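Spelled out, the chains give:
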Number of protein chains: 2
Amino acid sequence: MSRVTCDLTISLDGFVAGPNQRAEEPLGDGGERLHRWMFEEPEANAAAIEGILEASAYIMGRNMYAGPGEWDEEWRGWWGEEPPYHAPVFVLTHQRREPLEMQGGTTFNFVTDGIESALAQAREAAGSKDVAVAGGAETARQFLSAGLIDELRLHIAPMVLGSGERLLDGVGDLKLEQTEVSGSSLVTHVRYRVVR
Amino acid sequence: MSRVTCDLTISLDGFVAGPNQRAEEPLGDGGERLHRWMFEEPEANAAAIEGILEASAYIMGRNMYAGPGEWDEEWRGWWGEEPPYHAPVFVLTHQRREPLEMQGGTTFNFVTDGIESALAQAREAAGSKDVAVAGGAETARQFLSAGLIDELRLHIAPMVLGSGERLLDGVGDLKLEQTEVSGSSLVTHVRYRVVR
């Protein structure tokens, strides 16, 4: 059966976003700097970036699809006409909507009946390949708490945010087995198998 | 001039100790498991352990010297007659006391006039070699907040404690430069240079 993976970048003090998340700063104060490793050191971090994009189906929360701020049902998400997923993406939302086919193989499918349903649909689409829970943090926490993630891949940025949204608050008694460590100057990558 | 280093083991969610710290469980519920890497994988982690013990003078908080629970001025600390430091140790306390010479080269010196004084005395003792802030977390936070640490070495254990004492809460705007990453199955070691 396919694995369910989840990649997230966190600060050294455990935040996925800084304080004051808002339309102009969707990752909050200082939060954008978490992701410097992807943009400033793409070659040193090629394997990790490839890992994020190798799934055959994705699941994401409504805000990660739609972006910050107001949007209506005409809105085609904030990923542009050719999103980086190149695969079916299942968006958790309360709004019923027809699938939205983008360029390059990405189709956004809107799931209104919860995370287990989204996972079943994503598994169906991925076949024997991996399903990735793409985020945001609240969606990741829901899947972690429900015991539905097989591999958690954290990308720990060398910065302290001090406040904001914490990834691991309230996920319960997570048992992890560390399987791989690597890094560059802007990030430490750690892979964890979630033990059931 | 000598560097000031600080080694601490933290959970993936940033705790140095679990909840309910008490005499029988000084690291709180589940906290002892943070340090499994030292005891169960000493060979795989030899370089990190050596790094912790290579300083030529140490600074520690009162509780780290004395251990949990009640103690009087006859108490010789909880490190046994031959503590692992083999160097002068400066203990932050409010209690004036003569230096206590142990076996193997460790002398506990009791400093009642604050962290800057402890650091000056430790630097004097270390000469050109490193001074280590040995802990606990509150002492480490005081030194971090005051900008007195040159190298922070975190040992991140693959476990989630959920609650307890957080290392990095309230240390302010810490600027870090990541210089080295390594790991074994029970820990990820990351070295950070603190940028002033």
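Please refer to the structure higher up on the page.
Attention in this report is confined to the structure presented alongside it.

So, how was this worked out
Residues numbered from 1 in each chain as written. Chains lettered and ligands numbered in written order. Predicted model: local features only at pLDDT ≥ 70, side-chain atom pairs only at ≥ 80, totals over all residues. Pairing = 2+ DSSP bridges. Helix = DSSP H or I, 4+ residues; strand = E, 2+ residues; numbered from the N terminus. Contact = placed C-beta atoms within 7 Å. Axes fitted to C-alpha atoms, helices over the stretch in contact; angles between N-to-C directions. Buried ≥ 20, exposed ≤ 12 C-beta atoms within 10 Å, placed from the backbone.

**Remarks on the sheet that holds strand 3 (residues 57-61) of chain A**
Residues and elements named next belong to chain A. Taken in spatial order, the 9 strands line up as 5-6-4-3-7-1-8-11-10 in an open sheet, and their pairing is mixed. Only two strands of the sheet have a single neighbouring strand rather than two, namely strand 5 (100-101) and strand 10 (175-184). Note that strand 1 (residues 4-11) and strand 8 (residues 151-157) share 7 bridges and pair parallel. Paired with serine 11 across the two strands is alanine 157, which belongs to strand 8. Along the sheet, helix 5 (residues 137-145) makes contact with strand 1, strand 3, strand 4 (88-92) and strand 7 (131-135), crossing strand 7 at roughly 135°.

**Some details on the interface of chain B and chain A**
With 20 residues of chain B at the interface, the matching set in chain A holds 20 residues. If you list the elements that add at least two residues to the side of chain B that touches chain A, you get strand 10 (176-184) and strand 11 (187-194) of chain B. With 6 residues, strand 10 of chain B is the single largest residue contributor to the side of chain B that touches chain A.

**Side note on unusual backbone geometry**
With glycine set apart, most residues show a phi of negative sign, and most peptide bonds adopt trans. Backbone torsion omega between Gly135(A) and Gly136(A) reads -5°, so that peptide bond is classified as cis. Residue position: Gly136(A) is located in the loop between strand 7 and helix 5. Located in the positive-phi region is His86(B), a residue other than glycine, with phi close to 50°. Judged by C-beta crowding, with 15 C-beta atoms within 10 Å, His86(B) ranks as partly exposed.

**Notes on the sheet that holds strand 5 (residues 100-101) of chain B**
Residue and element names in this part refer to chain B. Read across the sheet, 9 strands follow the order 5-6-4-3-7-1-8-11-10 without closing on themselves; strand pairing throughout is mixed. Of all strands in the sheet, those with a lone pairing partner are strand 5 and strand 10, marking the two edges. As paired elements, strand 3 (residues 57-61) and strand 7 (residues 131-135) share 4 bridges and run parallel to each other. Residue pairing in the sheet places tyrosine 58 in a bridge with alanine 132 of strand 7. Across the sheet, helix 5 (residues 137-145) lies against strand 1 (4-11), strand 3, strand 4 (88-92) and strand 7, angled at about 135° from strand 7, the strand it touches most.

**Considerations on the environment of Ala132(A)**
Residues and elements named next belong to chain A. Topologically, alanine 132 is positioned in strand 7. By C-beta crowding, alanine 132 is classed as buried, having 28 other C-beta atoms within 10 Å. C-alpha separation for the pair alanine 132 and glutamate 101, spaced 31 residues apart in sequence, amounts to 19 Å. In contact with alanine 132, not counting residues within four places along its chain, are Thr5, Cys6, Asp7, Ala55 and Tyr58.

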